[in-house]
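As a plain string of letters, each chain reads:
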Amino acid sequence: LDVGALARAVAAIRRASRVEVFGIGSAATIAEDANYRLLRIGINSRVAVDSHVQAITASLCTPDVAVITISHSGSTIETLTATRLAKEAGATTIVVTNFGRSPILAHADIVLNTLARETQFRTEAMTSRIAQLAIIDALIAALALADYDRALETIGTTFDVLATKRV
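Conventions we followed
- Residues numbered from 1 in each chain as written.
- Predicted model: local features only at pLDDT ≥ 70, side-chain atom pairs only at ≥ 80, totals over all residues.
- Heavy atoms only, no water.
- Helix = DSSP H or I, 4+ residues; strand = E, 2+ residues; numbered from the N terminus.
- Rg over C-alpha atoms; globule rule 2.2 N^0.38 Å.
- Buried < 20%, exposed > 50% of the residue type's maximum accessible area, 1.4 Å probe, protein only.
- Contact = heavy atoms within 4.5 Å.
- Expected span 1.5 Å × (residues − 1).
- Patch = residues over 30% accessible without salt bridge, like charges linked within 9 Å, V, L, I, M, F, W, Y side chains within 5 Å.
- Areas by Shrake-Rupley, 256 points an atom, 1.4 Å probe, with all protein chains shown as cover.
- Salt bridge = Lys/Arg side-chain N within 4 Å of Asp/Glu carboxyl O.
- Pairing = 2+ DSSP bridges.
- Axes fitted to C-alpha atoms, helices over the stretch in contact; angles between N-to-C directions.
- Phe/Tyr/Trp six-rings, centres within 6.5 Å; stacked < 30°, edge-to-face > 60°.
- Lys NZ or Arg CZ within 6 Å of the ring centre and 35° of its normal.

### Quick notes on the overall build of the protein chain
No. 1: Counting secondary structure elements, the protein chain contains 6 helices and 5 strands.
No. 2: Radius of gyration (C-alpha) of the protein chain: 15 Å, near the 15 Å computed for a compact globule of 167 residues.
No. 3: Counting all 167 residues of the protein chain, 44% fall into the buried class.
No. 4: In the protein chain, 69% of the contacts between residues at least 6 apart in sequence involve partners at least 24 apart.

### As for helix α2 (residues 26-40)
No. 1: With 15 residues, α2 extends 22 Å from end C-alpha to end C-alpha; this agrees with the ideal 21 Å at 1.5 Å per step.
No. 2: When we look at burial in α2, the residues that qualify are A27, A28, I30, A31, A34, N35, L38 and R40.
No. 3: Where α2 is buried, its residues contact β1 (18-23), β2 (45-48), β3 (65-70), α5 (127-146) and α6 (148-163).
No. 4: Of the residues flanking the end of α2, it is G42, one or two places downstream, whose phi is positive at about 90 degrees.

### As for a nonpolar patch on the surface
No. 1: A grouping of L145, Y148 and L152 is seen on the molecular surface, where their side chains present a nonpolar patch of about 350 Å² in accessible area.
No. 2: With respect to the helices and strands, Y148 occurs in helix α6.
No. 3: Owing to a relative accessible area of 47%, Y148 belongs among the partly exposed residues under this scheme.

### What to know about the sheet that holds strand β5 (residues 110-113)
No. 1: With parallel pairing, the 5 strands of this open sheet are ordered in space as β2-β1-β3-β4-β5. At either margin of the open sheet sits one strand with a lone partner, and together these are β2 and β5. Within the sheet, the average angular offset between the axes of one strand and its neighbour, ignoring direction, is 20 degrees.
No. 2: Contacts from α2 reach β1, β2 and β3, with the element oriented near 160 degrees to β1.
No. 3: In the packing of helix α3 (residues 51-59) onto the sheet, contacts are made with β1 and β2, and the angle to β1 comes to roughly 150 degrees.

### So, the packing of aromatic side chains
Geometry of an aromatic ring pair is reported as the spacing of the ring centres plus the angle between the planes.
No. 1: Scanning the entire structure with this criterion turns up 0 aromatic pairs.
No. 2: The side chain of R166 reaches across the aromatic face of F159, ending 5.2 Å from its centre.

### Quick notes on the pairing of β1
No. 1: The buried fraction of β1 is high, at 6 of 6 residues.
No. 2: Neither face of β1 is open: one carries R18, E20 and F22, the other V19, V21 and G23, and all of them are buried.
No. 3: Relative to β3, β1 is paired through 6 bridges, and the arrangement is parallel. By the bridge assignment, R18 is partnered in β3 with V65.

### Quick word on the environment of I155
No. 1: Here I155 is to be found in helix α6.
No. 2: We classify I155 as partly exposed; its relative accessible area is 34%.
No. 3: Once the C-alpha coordinates of I155 and L38 are considered, the two residues, 117 residues apart in sequence, prove to be 10 Å apart.
No. 4: Leaving out residues up to four positions away in the same chain, I155 has contacts with R40 and I41.

Here's what the structure looks like:
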C-alpha cells in the first residue's frame, strides 16, 4: 500500500461533501461494506452496485464528490464506465485495484493497489476480496484517526441506534 496515496485518498474524502462507492460482481460486497463503514464514522456516502445506477450517479457527480471504485481487474466495463463518467463530471476518483496497467487507471486520480493472485481453482474471488478489505480497513482507520472526535461520536450514536435492532 502506497502510504502517500492513502493520505491523498483520506484528504480527498475529508474534503468531499459526499462519497460514492462503486463495485460490480465480487467487488459489490466490498463496496457495500466500505459504504457501511464510511457511514459508521460519519462520512456521507452512498453505494451503487447496479451498473445503471452507477452510470447515473457518476454522471451526476460534481467536483466536491469523491468516488471510490473497487475493481480487482480494473477492466470491468461497468466500473470502468462509471469511473470515467465520474472523472469527466469533476469528481475525485479513488480506485482500489490489483493491476498496475489496467484501463481504469486512465480515470483514477488516486490508486490504492492490492496485491492478490487468484488461482484457477477458486469458485469465487477469495484473495482479491481479502486484499480489498484490507485496503478498505486501512482507509477507514486513517479516516477515523484524521477526525477522531467525529468518528467516535458517530460510532457511539450509530451503536446506540443499532442496539435497538438486537433482542
